[in-house]
Amino acid sequence: MIDLIQYLALGVLIYVSLFYILATLIKNWSIIDIAWGPGFVLIAIMAITYTDNYNLFSLTISALVTIWALRLAFHIGIRNIGKGEDFRYANWRKKWQPYPEIQGFFRVFILQGIIMIIVALPIYVSIKFSTTAHILIYFIPGILIFCIGFILEVLADLQLKNFKNDHKNSGLLINSGLWSISRHPNYLGEIILWWGLGFFTLPFDYGYLGLIGALCIHLIIRYISIPVLEEKWQSKEEWQNIKRKIPILFPGI
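Residues numbered from 1 in each chain as written. Predicted model: local features only at pLDDT ≥ 70, side-chain atom pairs only at ≥ 80, totals over all residues. Heavy atoms only, no water.

Caption draft 1: A look at a nonpolar patch on the surface. A cluster of nonpolar side chains, Leu-10, Leu-13, Ile-14, Leu-18, Ile-21, Leu-22, Leu-25 and Ile-26, forms an exposed patch at the surface whose accessible area comes to about 770 Å². Within the secondary structure, Leu-13 is located in helix H1 (residues 2-26). A relative accessible area of 41% places Leu-13 in the partly exposed class. (Patch = residues over 30% accessible without salt bridge, like charges linked within 9 Å, V, L, I, M, F, W, Y side chains within 5 Å. Areas by Shrake-Rupley, 256 points an atom, 1.4 Å probe, with all protein chains shown as cover. Salt bridge = Lys/Arg side-chain N within 4 Å of Asp/Glu carboxyl O. Helix = DSSP H or I, 4+ residues; strand = E, 2+ residues; numbered from the N terminus. Buried < 20%, exposed > 50% of the residue type's maximum accessible area, 1.4 Å probe, protein only.)

Structural data, given as structure tokens:
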């Protein structure tokens, strides 16, 4: 297992370093957001080729991850390209003085790579230890959980896109559709689909590592991504009303 992790870590290091070079050339760290999803496709491909484990289980895991990753990369790319650097990275660039480029390499790109390796645990644990004997037991439930999360994320993103494209909603915050029962239904979908991937690992050796990966992305989204995003809306009275009426993630919680 250690040798596989070392192999994947080297691949991810090269991957994020190449994106850092590109981000430096175009002066936009936001490109790492586009690289997030495809990074997991790279991990899945590397894990399969390294283990030579081409069974139905590992290929299905890889296919699900690829569909999710390419959809997410396309969605983020369409949203971000041509709009300049995301406010988070622009603020960090100003804050991390002196030598923001050096700090950015380690605190954005290398950190993102480390998080990828941890979050991807259910992917390469499943690929390494899966056999056809495990498929029927956890195959269908894992796929169902993943699909529920994926569909929720896609629908939430689509509703948000349509809301923003309507000029009547200029300057307003969405609180309709899925966004009326959760302040971040797209993030909720992301969390659910990763727990679905974690479910796949339950029958395997080191299966608990898959759950650690799912828990990691859950905690990152809940306690890092969401607070950073919500911080920029604090001054809006509309946002204060949304906070009072709509739960942060899970309806009723």
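Caption draft 2: Seen up close, unusual backbone geometry. Following Gln-97, the chain continues to Pro-98 via a peptide bond in cis, the omega torsion being -5 degrees. Of note, Pro-98 is situated in the loop between helix H4 (87-95) and helix H5 (100-119). In this structure, Asp-52 takes a positive phi of about 55 degrees despite not being glycine. Residue position: Asp-52 is located in the loop between helix H2 (31-51) and helix H3 (56-80). The class for Asp-52 is exposed, based on a relative accessible area of 57%.

Caption draft 3: Looking closely at the side chain of Gln-112. Along the chain, Gln-112 falls in helix H5. A relative accessible area of 15% places Gln-112 in the buried class. At 3.3 Å, the side chain of Gln-112 forms a polar contact with the backbone oxygen of Ile-32. When near neighbours in sequence (up to four residues on either side) are disregarded, Gln-112 contacts Ile-32 and Trp-36. (Polar contact = N/O pair within 3.5 Å; in protein donor to acceptor, adjacent residues only side chain to side chain. Contact = heavy atoms within 4.5 Å.)

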